[in-house]
Structure formats: structure tokens, C-alpha cells
Amino acid sequence: MMMKTVLVAVGLVGAAVVLPAQAADDVGAVERARGVTMVVRQDIIQPLQLGSGVQVLDHLQTGDDARLHVVFADGSDLSMGSSSDLMIDDMVYEPAQRGHGVLRLTKGVFRLVSGQVNKVPGGTLTIRTPLATIGVRGTDFWGQQTSEKLEMALLDDGELTITTAQGTVTLTDPLNAVVVLKGQPPSAIYTLTPEQLNAAKATVAW
């Protein structure tokens, strides 16, 4: 289905940029995009650009040296680094009533500052990867998934519970981090060094 567009005038008379109009099914929108960024929606590939809406079951993808920044309706702030692949399995938010979000990272790197979806009574936010399921309370956090390894780090106050077939670990303090190797239990919790923190942030920096 082709998205309708609206024209927004900028600068001189006659100059305009074309931004996608927001659809009723949108659960968020693209705030910034760099390089090759796209969405697979109902088996149709569409490029993503400033203002593009995102919907439940959208498959977001970034190319080499690309960046994608999406803000959801509840205020959750998602940044994706290069060569990343993430699906919006679910995102429901009704202020002061209910919230439920599930994002699935197949590969690549992301940073998420959670909004209100997991702060309403009974609200939940979950990240699924090939190696673990992560329950989120709060917060600002970062993760990177390869075929054999998952790294997760808590960047601010909050809590991340990382569950695998081999065990569970919970990060509760800022800069707590953990590594999950395929087929192994989560590593012991460690604290990111300033160098490790800067390297993590650089993977999604603009």
C-alpha cells in the first residue's frame, strides 16, 4: 500500500520537502535516517525517511554505515546502528491505561530509552533476540547481537532481566553489562569502562 504524502514548505517560495503522512496504524515515526534504511511491511520493501510512520509487524533494516532513529507514540526512543535488523512485534500504548511492547532484534546494534509503555500499571516492554529475552524496567540501555554473541548494557537507572535457556541474570546498576554466548549461560555481570561505554555509544552515534 502506497503511503499518502504531504508537502511541507521550507525556505524560498516553491521549495518543499515531501514527508509521509501519519497513518492511523502508526505506532511511531522516523526522526532521523542516514544511509540505506528500509522497512519490510507485508512483504513490500519501502525506504524510510524523516517522518515515515512505523507500524506493528514492521521489519526495520539498516545498511552498512547507516543509522535509524525512531520515536514511538509513548515516547520510547530507538536508535539502530549499521547492518541491523529489528521487528516491532507489538506496541500498544494507552496513557494511564495499558502498555505492552515487544521488539525483536535479529542482528545488529541498538539503543533504547524507554518511554511510558512500561510505566503504566501492568505495562511491559520486552526485547527478544536469538539468544535471550530481555525484560525492561525503566530505562536507557544498549545491545548488540551477532550470530554467536549478545551483549547487553544498562546505561541508566532501571532494570534489565536477561533470560536464556541456560540461566537468568538481572542488571540493576548503571553501566552493568553482560555477555551471552550461544549455548552458554550469561556471563558474570561486569561494569563498563569509560572506553567500553564510548565504544558502545559510537555504534549508534550520528
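Residues numbered from 1 in each chain as written. Predicted model: local features only at pLDDT ≥ 70, side-chain atom pairs only at ≥ 80, totals over all residues. Heavy atoms only, no water.

(A) Structural context of unusual backbone geometry. With omega at 5 degrees, the peptide bond leading from G138 into T139 counts as cis. Looking at the element boundaries, T139 is found in the loop between β13 (133-138) and β14 (140-145). The phi dihedral of S83 falls on the positive side, at around 50 degrees, and the residue is not glycine. Along the polypeptide, S83 turns up in the loop between β9 (77-80) and β10 (85-94). For A96, which is not glycine, the phi dihedral falls at a positive 65 degrees. Summarising the element assignment, A96 is placed in the loop between β10 and β11 (98-113). (Helix = DSSP H or I, 4+ residues; strand = E, 2+ residues; numbered from the N terminus.)

(B) Quick look at the pairing of strand β7 (residues 59-62). Pairing geometry for strand β4 (residues 37-41) and β7, over four bridges, is antiparallel. In the strand pairing of β7, M38 is matched with Q61. Note: β7 against β10, three bridges, orientation antiparallel. Paired with L60 across the strands is L86, a residue of β10. (Pairing = 2+ DSSP bridges.)

(C) Seen up close, the packing of aromatic side chains. Using the criterion set out here, one finds one aromatic pair in the structure. Seen from their ring centres, F110 and F141 are 5.8 Å apart, and the 85 degrees between their planes marks the pair as edge-to-face. Of the two residues, F110 is situated in strand β11 and F141 in strand β14; the sequence distance between them amounts to 31 residues. The class of F110 is buried, set by a relative accessible area of 2%. Sitting over the face of the ring of W206, R32 holds its NZ or CZ atom 4.3 Å from the ring centroid. (Phe/Tyr/Trp six-rings, centres within 6.5 Å; stacked < 30°, edge-to-face > 60°. Buried < 20%, exposed > 50% of the residue type's maximum accessible area, 1.4 Å probe, protein only. Lys NZ or Arg CZ within 6 Å of the ring centre and 35° of its normal.)

(D) Just the pattern of salt bridges, in detail. In total, this model carries six salt bridges according to the counting rule given. Between E94 and R98 there is a salt bridge, with its nearest N and O atoms 2.7 Å apart. Classification of R98 as partly exposed rests on a relative accessible area of 46%. Between R111 and D140 there is a salt bridge, with the nearest N and O atoms lying 2.7 Å from each other. With R111 in strand β11 and D140 in strand β14, this pair connects stretches of sequence that are 29 residues apart. (Salt bridge = Lys/Arg side-chain N within 4 Å of Asp/Glu carboxyl O.)

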